[in-house]
Amino acid sequence: MNAPLYSFKEVELKWQNFWAHHKSYEVKEPGDSCYYVLEQFPYPSGRLHMGHVRVYTLGDTIARFQRGFGKTVLHPMGWDSFGLPAENAAIQHGVSPSKWTLENIQAMKKHFMSLGLSYDWSREIITSDVSYYEQEQKIFLDFYKKGLIYRKESWVNWDPEEKTVLANEQVINGRGWRSGVPVERRLLSQWFLKITKFSDALLENLKDLPDWPENVRTMQEKWIGRSQGARIFFSLKDPLDGMNRNLEVFSTRPETLFGASFLCIAPNHPIALKLAEKDEDLAAFIQECLRQDTSEATLQKAEKKGFKTALLGEHPFDKNWTLPIFIANFVVMDYGTGAVFGCPAHDDRDLDFARLYDLPILPVIEDPNGGVFCKDQDDEAYVGPGVLIHSEFLNGLDINEAQRVVIMRLEEIKKGYGEITYRLRDWGVSRQRYWGCPIPMIHCPVCGVVPVPQEALPVVLPENVSFDIPGNPLDHDASWKDVLCPQCDGKAERETDTLDTFFESSWYFLRFCSPRASIPFNRNDVQAFMPVDIYVGGVEHAVLHLLYSRFFTMALKECGYLDFEEPFKSLLTQGFVCHETYQDEKGAWLYPEEVKKSKDGTYVTLRDDLLVRVGRSEKMSKSHKNVVDPSVILKEYGADTARLFMLSDTPPERNLDWSESGIEGCWRYINRLWRLGSRALERIEIISRLNLKSETSLKTEEEAFLRLLNTTVQFVTKAYELYHFNTAVAQCRTFSNDFARFIEESQNAPLIREGLQTLLRLLSPIIPHLTSEIWSIMEGQDQVVDFLPWPKADPKYLEAPTISLSVQINGKLRGVLTLPNNASEETVKCEALKLPNVKQEFDKGATLKRVVFVQNRIMNLVVV
């Protein structure tokens, strides 16, 4: 009897409606054993892309797997819905950001439903909803009271396209992380979060996160950037009026002070700005530098430029030794003191600068083999170990000891001191845009900056704003901006900057624990669910989002909200979904559906058979048009096929190459599994109808099948625990082949049933619709398979009944024994001595000296 065709559209819709109608995945309250699965929530762009399909399938598979162990699995979903794209849409299409956002959320939610994702939609949060950002404003005010938020004038990264400020972490290779345009430097009054207060904790706690990928921990460690060195005072020969007499420099290499040949300060250093007031050329140079990105990557690649001033700095150990002071484009105010001393012989950047401006190169470190470097024009800077030379009281000391001694001497003469500094800067959270959380502060000409009273919250965004004037619409909305001061009752203005959208995503995982609470979150619920057991998302958020979330959790603990510091116990960073790229003869990018493969194996355009250039597989992107629309795949193959493809080919942390053959292969397996389930149930019915009794003792082939079944359970369970979903799928496919043969050969209906139940349960986290449907037919009722107990491997079937064991004499193979598993040394020795090749050696007069025995593997008889 042939199985009916698998109608995936009908089956998948049936089960999605069933789960929704029965609210199968809603968590009413914490259970005895909770498990929190969370994927990074999306911005509601309105369209699903393959990256979404992969990350959310990964998280959903983990959630479904964990439910099989009786855990209360919290698996929520929400929307990171503030941000500039909604404002752009409002300008382009004449629709309010709120309306545009909510329409997109509904569209994306429908797509999510069609993937069969097991979310608790009762906990859905929308960060642009007042119910969410009201609680965020409460947190802001508590941070302000605790001294964790402050306002100051600061040089900031300005995105001229988005017309807003960007955090350092949002500047990628000198460009805005979203707009892609070159970033400028501007001086603005901004609100800052004091993340630097937690620099040590953010760094130290990384070692307590063993389940985070090592590369992510390393990225955070480098971004925090702990540096140990010294703050050194160089007295100015002719100090400027109103300025400090000392130029303070931070250096991680104070032991090289006797190799110093120049000083450099940042373009926006107070001394530089003071000099620029009377020097047009310098002012122009500073403006040029400020247009340059100050990210580490850009500074390393940029051409080194300097502007020599008339100022001289006195060496801290010899006031008659003066160093010229330059303003340089590679020095930034945000690190150290905004000033450095240059030691060209032992720093590549300083060496480039010294050669450019013909400055002295003074070697002060000799390598262990006695070599002195930088004697010739072509020499590189020496940055290795060695001993100090040409350095007075430091001569003969190694680098570490010299650093200790020079700091001690600087402190004795009051010319400096040892210091630890960090690359991490306080987080600027002010954004000059409308569509964001209003900052709950008021500016009063009499009282200064005043917090909005708690009882006056929330500060709600006005609905009907005009985008006719460039910039922030809140600046021009007098009806919203003009208020009375809560302290003096005089005329005042609201803060018109809104919060960086990373503010919302830095605590949303806590709000999911009690999303309808009238406070940010219920402490008891957070205690039950947090920290997040597994957090799934892209490695591109390793510095930005993850670092901010860790800081937020620490800050909330300091404010009394929490009693733990780390929000995410384990982290799974998935790779990109990639596809080949295609270009026509003119270099224009083509979509995959615009290309076909010709008979001779070359690729041509579908429209006119023109030759197509096939590029490498790379991350799917709209710009290169190498994208595949998930909705097309879901329509043609269904959710289970898409989910299976996302997990079956590649480990989660690696990039996944999309291929038509791959998705076709998954579709064939889905149909094969449907036929396999139908055939198994048919065989069970036939055996029962014919009243064929299985024997009381298991046959050899049945024992073999039970061993295969239980080893498969053991292997697949471990693979799920390690997130090795591709190997889990591969093992299930192998088992499917053996199970298909067993179905036809066995008369044991209960064992066929057990095999089918096990296979369905092992695959159910990945392909939930198909497995649920077959299970329903088998059991005669619809039920949520996720909550059924996960299969357990029976230990007695995990070991093979016999093993093959090698027998050697003096390391040379003399025979192989087939023995019961875990046979004792005495048993093996007794059987080994019976082997003809072994017996022959002893018949010739060999004497046994000792026995080397490794159970189940080898016995080596050492003879003389």
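Conventions we followed
- Residues numbered from 1 in each chain as written.
- Predicted model: local features only at pLDDT ≥ 70, side-chain atom pairs only at ≥ 80, totals over all residues.
- Heavy atoms only, no water.
- Helix = DSSP H or I, 4+ residues; strand = E, 2+ residues; numbered from the N terminus.
- Buried < 20%, exposed > 50% of the residue type's maximum accessible area, 1.4 Å probe, protein only.
- Areas by Shrake-Rupley, 256 points an atom, 1.4 Å probe, with all protein chains shown as cover.
- Salt bridge = Lys/Arg side-chain N within 4 Å of Asp/Glu carboxyl O.
- Phe/Tyr/Trp six-rings, centres within 6.5 Å; stacked < 30°, edge-to-face > 60°.
- Lys NZ or Arg CZ within 6 Å of the ring centre and 35° of its normal.
- Domains from an automatic or database assignment.
- Contact = heavy atoms within 4.5 Å.
- Buried area = accessible area lost by both parts, 1.4 Å probe.
- Pairing = 2+ DSSP bridges.
- Axes fitted to C-alpha atoms, helices over the stretch in contact; angles between N-to-C directions.
- Core = buried A, V, L, I, M, F, W, Y, C linked by side-chain atoms within 4.5 Å.
- Expected span 1.5 Å × (residues − 1).
- Arc of directions from axis to C-beta.
- Polar contact = N/O pair within 3.5 Å; in protein donor to acceptor, adjacent residues only side chain to side chain.

Describing the overall build of the chain
Here is step 1 of the chain: Counting its regular elements, the chain contains 26 helices and 35 strands.
Here is step 2 of the chain: Once the C-alpha set of the chain is aligned to its principal axes, its extents read approximately 105 × 90 × 65 Å.
Here is step 3 of the chain: The 864 residues of the chain split such that 53% are buried.
Here is step 4 of the chain: On the chain, roughly 39,400 Å² of surface is accessible, and the fraction owed to carbon and sulfur atoms is 49%.

Observations concerning the pattern of salt bridges
Here is step 1 of the chain: Tallied over the entire structure, the rule returns 37 salt bridges.
Here is step 2 of the chain: Measuring nitrogen to oxygen at the nearest pair gives 2.5 Å for the salt bridge that ties Glu 558 to Lys 197. With Glu 558 in helix H17 (residues 544-558) and Lys 197 in the loop between strand E7 (184-193) and helix H6 (199-204), the pair connects residues that are 361 residues apart, well separated along the chain.
Here is step 3 of the chain: The class for Glu 558 is partly exposed, based on a relative accessible area of 28%.
Here is step 4 of the chain: A residue is classified by how much of its surface remains accessible, and Lys 197, at 47% relative accessible area, is partly exposed.
Here is step 5 of the chain: Between Arg 814 and Glu 841 there is a salt bridge, with its nearest N and O atoms 3.8 Å apart.

Some details on the packing of aromatic side chains
Here is step 1 of the chain: This model, assessed by the stated rule, comprises 63 aromatic pairs.
Here is step 2 of the chain: Their ring planes at 5 degrees and their centres at 4.0 Å tell us that Phe 705 and Phe 742 sit as a pair that is stacked. Linking Phe 705 in helix H21 (residues 700-721) with Phe 742 in helix H22 (residues 725-745), this pair joins segments that are 37 residues apart in sequence.
Here is step 3 of the chain: By the ring-pair criterion, three or more aromatic residues cluster together here, those being Phe 140, Phe 143, Tyr 144, Trp 191, Phe 198, Trp 427, Phe 502, Phe 503, Tyr 548, Phe 551 and Phe 552.
Here is step 4 of the chain: Across from the ring centre of Phe 192, 5.1 Å away, lies the NZ or CZ of Lys 152, which sits over that ring.
Here is step 5 of the chain: In this arrangement the basic side chain of Arg 733 is found over the ring face of Tyr 669, its NZ or CZ atom lying 4.7 Å from the centre.

Section: the domain arrangement of the chain
Many authors give the size of an interface as the accessible area that is lost as the parts come together.
Here is step 1 of the chain: As assigned here, the chain comprises domain 1 (33-143 + 501-574), domain 2 (227-421), domain 3 (577-637 + 651-656), domain 4 (660-797) and domain 5 (802-863).
Here is step 2 of the chain: For domain 1 and domain 4, the distance between their C-alpha centres works out to 36 Å.
Here is step 3 of the chain: Domain 1 puts 14 residues into the contact, and the matching count from domain 4 is 16 residues.
Here is step 4 of the chain: Buried surface at the junction of domain 1 and domain 4, summed over both partners, amounts to about 1,300 Å²; 69% is from carbon and sulfur atoms.

Quick word on the sheet that holds strand E20 (residues 448-451)
Here is step 1 of the chain: Overall, antiparallel pairing links the 4 strands, which are arranged E20-E19-E22-E21 in an open sheet. What marks the edges here is a single partner per strand, and that holds for E20 and strand E21 (482-484). Across the sheet, the mean angle separating the axes of adjacent strands is 40 degrees when strand polarity is ignored.
Here is step 2 of the chain: Two elements, E21 and strand E22 (residues 491-494), share 3 bridges in a ladder whose sense is antiparallel. Paired with Val 483 across the two strands is Ala 492, which belongs to E22.

A few points about the nonpolar core
Here is step 1 of the chain: In this structure, Tyr 36, Phe 112, Leu 510, Phe 552 and Phe 739 are the most contacted members of the largest nonpolar core, which totals 180 residues.
Here is step 2 of the chain: Per element, the largest residue contribution to this core is 12 residues, and it comes from helix H20 (residues 660-689).
Here is step 3 of the chain: Once you skip the residues sitting within four places of it in the chain, Phe 112 turns out to touch Pro 42, Leu 48, Tyr 56, Met 77, Trp 79, Leu 117, Tyr 119 and Trp 121.

Looking at H17
Here is step 1 of the chain: In a regular helix each residue adds 1.5 Å, so 15 residues correspond to 21 Å; H17 covers 21 Å between its end C-alpha atoms and thus fits that length.
Here is step 2 of the chain: Burial of H17 is extensive: 13 of the 15 residues sit out of reach of the surface.

A closer look at the sheet that holds strand E24 (residues 534-538)
Here is step 1 of the chain: Reading across the sheet, the 4 strands line up as E2-E1-E24-E25 and stay open at both edges, with parallel pairing between neighbours. The open sheet is flanked by strand E2 (72-74) and strand E25 (571-574), the only strands paired with a single partner. On average, each strand axis in the sheet is inclined to that of its neighbour by 15 degrees, with strand direction left out of account.

Remarks on the environment of Arg 404
Here is step 1 of the chain: Considering the arrangement of structural elements, one finds Arg 404 in helix H12 (residues 399-412).
Here is step 2 of the chain: Its relative accessible area of 45% is what places Arg 404 among the partly exposed residues.
Here is step 3 of the chain: Sequence separation of Arg 404 and Gly 418 is 14 residues, and the distance between their C-alpha atoms is 8.7 Å.

Some thoughts on helix H11 (residues 348-356)
Here is step 1 of the chain: For H11, the full list of buried residues reads Asp 350, Leu 351, Phe 353 and Ala 354. What you see down the axis of H11 is that its buried residues fit within an arc of 165 degrees, all on one side.
Here is step 2 of the chain: Packed against the buried residues of H11 are strand E10 (262-265), strand E11 (306-315), strand E12 (318-328) and strand E13 (339-342).
Here is step 3 of the chain: Structurally, the start of H11 carries an N-cap: the backbone nitrogen of Arg 349 is 3.0 Å from a side-chain oxygen of Asp 347.
Here is step 4 of the chain: A positive backbone phi angle near 55 degrees is found at Asp 358, which sits one or two residues after H11.

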